Every structure is written in structure tokens, then in C-alpha cells.
Amino acid sequence: MEVTTTFDVPDDIVPEIKKKFASEKDTDFRVTKANPLTPPYYAFGDPRAKPEKFKFEGKEYWVYKVSQGKKMNWVYDHK
């Protein structure tokens, strides 16, 4: 599990996110400030497009589930 923070989200939130989502070891997370004007990280209609709200130190943050990156060898994977 990897947790990425964006938009000046404090790094102290990472252990709390890992604790809350401990059962989802195969999922990565991106934490952003709660801002309804920013577009989601996924296309509209994708079930991952809706963030989970998470309160930390009195502020609300949005947690997006992000698929893990895969290293790809272009020559062998695209035959």
C-alpha cells in the first residue's frame, strides 16, 4: 500500500490512512484537500471517482483509491 499526498496535505496523515485502510493492502491511495471545484482523478461514472472523506486534525481531506502502477515492457507486452 502506498499513500501519496498532494496539495500540501500534511505527511502526518499517512499512518492514519494506512491504519484505516489496513485491510486493503493491494490498493494505493491519494490524499488531497477537500475541494469540490477540483476534478476527480478518474472518469465520471468510475466507482473510484468518488473520494472517501477523512477527518484529520479538524480538517476534511479526500482519499481516492488509486490502482497500483505496473512496469511495462512495451516490446514484449504489445505483440
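Everything below is about the structure printed above this text.
So, a few notes on the structure that sits alongside this text. (Residues numbered from 1 in each chain as written. Predicted model: local features only at pLDDT ≥ 70, side-chain atom pairs only at ≥ 80, totals over all residues. Heavy atoms only, no water.)

1. Details of helix 1 (residues 13-20)
Line of reasoning, step 1. Within the sequence span of helix 1, burial applies to Ile13, Val14 and Ile17. Looking down the long axis of helix 1, one finds its buried residues gathered within 100° of arc, a one-sided arrangement.
Line of reasoning, step 2. Each element contacted by the buried residues of helix 1 is listed here: strand 1 (3-5), strand 2 (28-33), strand 3 (52-56) and strand 4 (59-66). (Buried < 20%, exposed > 50% of the residue type's maximum accessible area, 1.4 Å probe, protein only. Helix = DSSP H or I, 4+ residues; strand = E, 2+ residues; numbered from the N terminus. Arc of directions from axis to C-beta. Contact = heavy atoms within 4.5 Å.)

2. Description of the sheet that holds strand 2
Line of reasoning, step 1. Pairing is mixed in the open sheet, where four strands are placed in the order 1-2-4-3. Two strands bound the open sheet, and with one partner strand each, they are strand 1 and strand 3. Adjacent strand axes in the sheet meet at a mean angle of 30° when their direction is disregarded.
Line of reasoning, step 2. Examined bridge by bridge, strand 1 and strand 2 share three bridges and lie parallel to one another. Paired with Thr4 across the bridge in strand 2 is Arg30.
Line of reasoning, step 3. Here helix 1 sits on the sheet and contacts strand 1, strand 2, strand 3 and strand 4; the angle it forms with strand 3, its principal contact strand, is near 130°. (Pairing = 2+ DSSP bridges. Axes fitted to C-alpha atoms, helices over the stretch in contact; angles between N-to-C directions.)

3. A word on the pattern of salt bridges
Line of reasoning, step 1. What the rule picks out here adds up to three salt bridges.
Line of reasoning, step 2. Between Glu16 and Lys19 there is a salt bridge, with the nearest N and O atoms lying 3.8 Å from each other. One end of the pair is Glu16 and the other is Lys19, both in helix 1 and three residues apart, which spans about a single turn.
Line of reasoning, step 3. Under the relative-accessibility criterion, Glu16 is labelled partly exposed at 31%.
Line of reasoning, step 4. Note that Lys65 is salt-bridged to Glu52, the shortest N-O span being 3.8 Å. (Salt bridge = Lys/Arg side-chain N within 4 Å of Asp/Glu carboxyl O.)

4. Topic: the nonpolar core
Line of reasoning, step 1. If you look at the biggest cluster of nonpolar residues, it comprises twelve residues: Val3, Val9, Ile13, Val14, Ile17, Phe21, Phe29, Val31, Phe54, Phe56, Tyr61 and Val63.
Line of reasoning, step 2. Only helix 1, strand 2, strand 3 and strand 4 provide two or more residues apiece to this core.
Line of reasoning, step 3. With three residues, helix 1 is the single largest residue contributor to this core.
Line of reasoning, step 4. If we skip the residues at most four places from it in the chain, Val9 touches Val31, Thr32, Lys33 and Tyr61. (Core = buried A, V, L, I, M, F, W, Y, C linked by side-chain atoms within 4.5 Å.)

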